Amino acid sequence: EKEVTFYTDGEGNGVTKADIKKVLEIQALSTSYYMHLTEELKPSAEEIQEYYDANTKYFMNCGVAGFSIPYNSGEEGDTEEMTKEKAKELVDDLLASKSAKEFEEKVAHVLTEYEGYDQEKLDANLPSIYNEGFTYSAENPLAEWAFGGAKKNDTFKIEDNNIYYVYFMTSDPVKDETKTVD
């Protein structure tokens, strides 16, 4: 009704009743065509299930804690103090964690011993190691690990550009209900 009022308000200002009728006919036709097309293209329940089964990882989320340890490349001009050997030792210790609490305690140890964090700085920064809503968004080693069979309390590392990235699975991958419709 609002649209009809909008169109009829233009009558007499260069807009004829025939113009208004033509616009309304085109609008009704396009609406009808759109409704027909959306109903015709609507996937069946079986097609939806097939798509979900083939792309499950895109509909999942999990909890992951992560921490990075940069190390000296040995190249001239590299100012990083941590040696690769010491970084690997710390990484191996993190990878041996059996619980999220143990992983967090080991991260706290690295931050206090090697980065000089005090308790206030630890309290402010430790929560940032957690991502309780990690989702699969691109093919990368972390996502492939997390949604390729990893389970709660599993650990994983990536080494890239003189940095070790260490991850701990805090919760199993589960269906992300915000990405599905009933």
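Residues numbered from 1 in each chain as written. Predicted model: local features only at pLDDT ≥ 70, side-chain atom pairs only at ≥ 80, totals over all residues. Heavy atoms only, no water.

## Notes on the pattern of salt bridges
Alright, step 1. By the definition in use, this model includes 6 salt bridges.
Alright, step 2. Glu 159 is paired through a salt bridge with Lys 84; the nearest N and O atoms lie 3.1 Å apart. Of this pair, Glu 159 sits in strand β3 (residues 155-160) while Lys 84 sits in helix α4 (residues 84-95), and the two are 75 residues apart along the sequence.
Alright, step 3. Relative accessible area serves as the criterion here: at 36%, Lys 84 is assigned to the partly exposed category.
Alright, step 4. Between Lys 88 and Asp 92 there is a salt bridge, with the nearest N and O atoms lying 3.2 Å from each other. (Salt bridge = Lys/Arg side-chain N within 4 Å of Asp/Glu carboxyl O. Helix = DSSP H or I, 4+ residues; strand = E, 2+ residues; numbered from the N terminus. Buried < 20%, exposed > 50% of the residue type's maximum accessible area, 1.4 Å probe, protein only.)

## So, the side chain of Asn 61
Alright, step 1. Along the chain, Asn 61 falls in strand β1 (residues 60-70).
Alright, step 2. Relative accessible area serves as the criterion here: at 18%, Asn 61 is assigned to the buried category.
Alright, step 3. Residues within four places of Asn 61 in sequence aside, it is in contact with Gly 133, Phe 134, Thr 135, Phe 147, Asp 172, Pro 173, Val 174 and Asp 176. (Contact = heavy atoms within 4.5 Å.)

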